[in-house]
Amino acid sequence: MSSITEIVSTPEIQKNRMHPINVTSEIGTLKTVLLKRPGKEVENLVPEYLQRLLFDDIPYLPVIQREHDYFAETLKNRGIEVLYLEKLVVETLSNQELRKQFIDDILRESQANVNGAAKVLKEYLLSFPTSAMVEKIMSGVLKREIEKSKKTHLYEFMEDHYPFYLDPMPNLYFTRDPAASIGNGISINKMREPARQRESLFMEYIINYHPRFAGHDVPVWLDRSFSFSIEGGDELILSKEVVAIGVSERTSAKAIERLALNLFKRQDSTKKVVAVEIPKCRAFMHLDTVFTMVDHDKFTIHPAIQGPQGNMNVYILEKSPEAEIATISHRSNLQEALKEVLGLSELVLIPCGGGDEIASSREQWNDGSNTLAIAPGVVVTYDRNYISNDLLRQHGMEVIEITSSELSRGRGGPRCMSMPIVREDIIN
Ligand SMILES: NC(=[NH2+])NCCC[C@H](N)C(=O)O
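Residues numbered from 1 in each chain as written. Predicted model: local features only at pLDDT ≥ 70, side-chain atom pairs only at ≥ 80, totals over all residues.

## Regarding the site of the ligand
Filter applied, for reference: Each residue gets a C-beta atom placed from its backbone. Should that atom fall within 6 Å of a molecule or strand, the residue is termed near it. Gly falls in the polar group here, along with every residue not listed as nonpolar (Ala, Val, Leu, Ile, Met, Phe, Trp, Tyr, Cys, Pro) or charged (Asp, Glu, Lys, Arg).
Close contacts around the ligand come from 15 residues, with L54, G233, H286, G412 and C416 the closest. Looking at the shell around the ligand, its residues break down into 4 nonpolar, 6 polar and 5 charged.

## Observations concerning the packing of helix α5 (residues 96-109) against helix α6 (residues 118-126)
Threshold: Only the stretch in contact is used when fitting a helix axis, every axis being a line fitted to C-alpha atoms; angles between N-to-C directions are given from 0 to 180 degrees. Only DSSP runs of H or I covering at least 4 residues are called helices, and only runs of E covering at least 2 are called strands; the numbering of each starts at the N terminus. Should an angle lie under 35 degrees it is considered roughly parallel, over 145 roughly antiparallel, and from 65 to 115 roughly perpendicular; all remaining angles are considered oblique. Each crossing gets its hand from how the near helix is turned against the far one by less than a right angle, where anticlockwise is left-handed and clockwise is right-handed. Note on contacts: residues are paired as contacts if their backbone-placed C-beta atoms lie within 7 Å.
Direction vectors running N to C along α5 and α6 enclose 140°, while the axes themselves pass 10 Å from each other. It follows that α5 is oblique to α6 by the angle criterion. Viewed along their axes, α5 and α6 form a crossing whose handedness is right-handed. Along its contact with α5, which presents R99, I103 and L107, the element α6 presents A118, L121, K122, L125 and L126. Taken together, the residues of the contact of α5 with α6 break down into 6 nonpolar, no polar and 2 charged.

## Section: the sheet that holds strand β2 (residues 81-84)
Counted only if it meets this: Paired strands are those between which DSSP finds at least two bridges.
What the 3 strands build is an open sheet, ordered β2-β1-β19; its pairing is mixed. Strands at the two margins of the open sheet, each flanked by one partner only, are β2 and β19 (419-423). Between one strand and the next, the sheet's axes are offset by a mean angle of 20°, whatever the strand orientation. Looking at chain direction, strand β1 (residues 30-35) and β2 are connected through 4 bridges and run parallel. Across the sheet, the residue bridging to V33 is V82, located in β2.

## Looking at helix α13 (residues 386-394)
Note the threshold: Counting other C-beta atoms within 10 Å of a residue's own tells you its class, since 20 or more makes it buried, 12 or fewer makes it exposed, and anything in between is partly exposed; those C-beta atoms are placed from the backbone. The directions considered for the arc are those from the helix axis to the C-beta atoms.
Listing the buried residues of α13 in full gives S388, N389, L391 and L392. Across the axial projection of α13, the buried residues extend over an arc of 160°, all falling on one side. Residues of α13 that are exposed and angled more than 90 degrees away from the buried face: D390, R393 and Q394. Following α13 by one or two positions, G396 adopts a phi angle in the positive range, close to 90°.

## Structural notes on the UniProt feature "active site" (unreviewed entry) in the protein
Selection rule: UniProt positions are given in the numbering used here, feature names are shortened, and annotations may be inferred rather than shown by experiment.
Summarizing the sequence annotation, UniProt attributes the feature "active site" (unreviewed entry) to C416 in the numbering used throughout. Here C416 lies in the loop between β18 (398-402) and β19. Ignoring anything within four residues of it in the chain, the contact list for C416 reads F174, R176, D177, G233, D288 and N370.

## As for the pairing of strand β12 (residues 298-301)
Of the two faces of β12, both are covered, the one formed by K298 and T300 as well as the one formed by F299 and I301. In terms of strand pairing, strand β11 (residues 291-295) meets β12 through 4 bridges, oriented antiparallel. Note on β12: the bridge partner recorded for M293 is F299. The turn joining β11 and β12, which pair antiparallel and follow one another in sequence, is formed by 2 residues. Relative to strand β15 (residues 348-351), β12 runs parallel, the two being bridged by 4 bridges. Along β15, the bridge assignment pairs K298 with V348.

The structure is reproduced here in structure tokens:
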């Protein structure tokens with residue numbers, strides 16, 4: 001594990017005095033990315049709670065870890081710096097005061113399962129070295145872990161069949177969703193599903209207290225105390241001037257509008273926020289499950305999100321003379337709206353599964369549209385989506401495939417499993 005000093009003194013950051021966050025596109029050469037290696041939290045998935053924990057099956061831990069390591073190696077081999085969430089959290093919680101504060105916060109947000117046992121749990125968690133403590137918090141605490149002798153209240157002795165004091169967080173390897181880098185700042189997200197709401201607390205602590213970020217001017221465009229939900233899988237940075245955000249099962253119109261107004265107010269470069277309405281269903285939970293950018297003028301799309309003539313509801317928000325109101329205009333065709341906001345005369349939408357009814361819904365289910373661009377025209381995808389991958393190649397993309405039999409069981413692909421921290425700017 002790297003020590004704090006190693007990370008802080010990452011040569012590139014010091015040499016170039018780069019801002020710790022810089023993401024002004026979906027496709028600019030990726031320099032630094034945040035991942036989370038799936039850990040014991042995945043083994044705390046049981047059939048009774050799968051749905052609530054947002055999984056469709058239980059991944060086999062050694063294989064999901066092997067596949068994830070392969071993903072990380074693939075990125076490193078392309079010169080990308082890989083940061084791990086779990087390591088950053090350990091480095092962040094470098095003193096006892098902060099550890100206590102963090103545990104108080106996490107226990108408060110864990111609500112029902114803690115069920116009054118916060119004091120015992122706090123002592124239990126603090127009894128571990130920091131890295132084991134962080135691992136426990138992420139993977140969950142079983143009731144049977146707390147010694148009988150530490151139990152003081154009647155309810156603590158009861159067998160209520162619910163096994164956890166602290167729920168596991170098996171979705172943590174989808175680092176894309178709890179926060180999103182936009183320009184030199186970040187949105188730290190109020191997440192929609194109770195199973196994921198605690199996840200963005202890790203990012204809040206990292207930004208506030210990790211030496212790599214604390215002390216730098218990192219604007220928080222929207223924070224997790226906002227009352228309406230938004231998730232990073234819906235936040236796509238199309239260019240320095242345009243952000244697209246899905247209005248989805250997870251992301252509300254109210255959060256999009258607030259984020260847009262904050263960006264217009266505080267980041268001069270943002271001119272337009274494009275709200276793309278998608279069906280609200282499990283398979284299409286975020287915009288990036290049905291639509292991603294792969295090159296300057298190319299996108300993947302799941303055909304099922306469009307009506308017969310390619311019609312969809314797209315709203316363009318722009319700065320208005322009044323600070324608290326955006327100018328909003330409606331468009332009914334995504335392709336045309338994208339050409340307009342990106343100033344392009346031609347733009348290609350590459351259909352997932354080639355548009356074949358069966359292949360496209362099968363490959364979309366396994367994240368065939370969820371590509372991670374690591375440079376313009378260079379994408380990382382799951383190997384299992386061979387029809388979509390071939391089609392991307394036919395459109396001139398370099399497609400780097402990763403193994404995906406267990407990773408895909410959590411319903412997320414390479415874009416969801418990665419949170420870009422630094423990308424090179426696109427020079428027009
Ligand atoms: N950006 C994404 N598409 N993320 C996928 C997250 C999948 C995760 N199981 C969830 O339901 O939240």
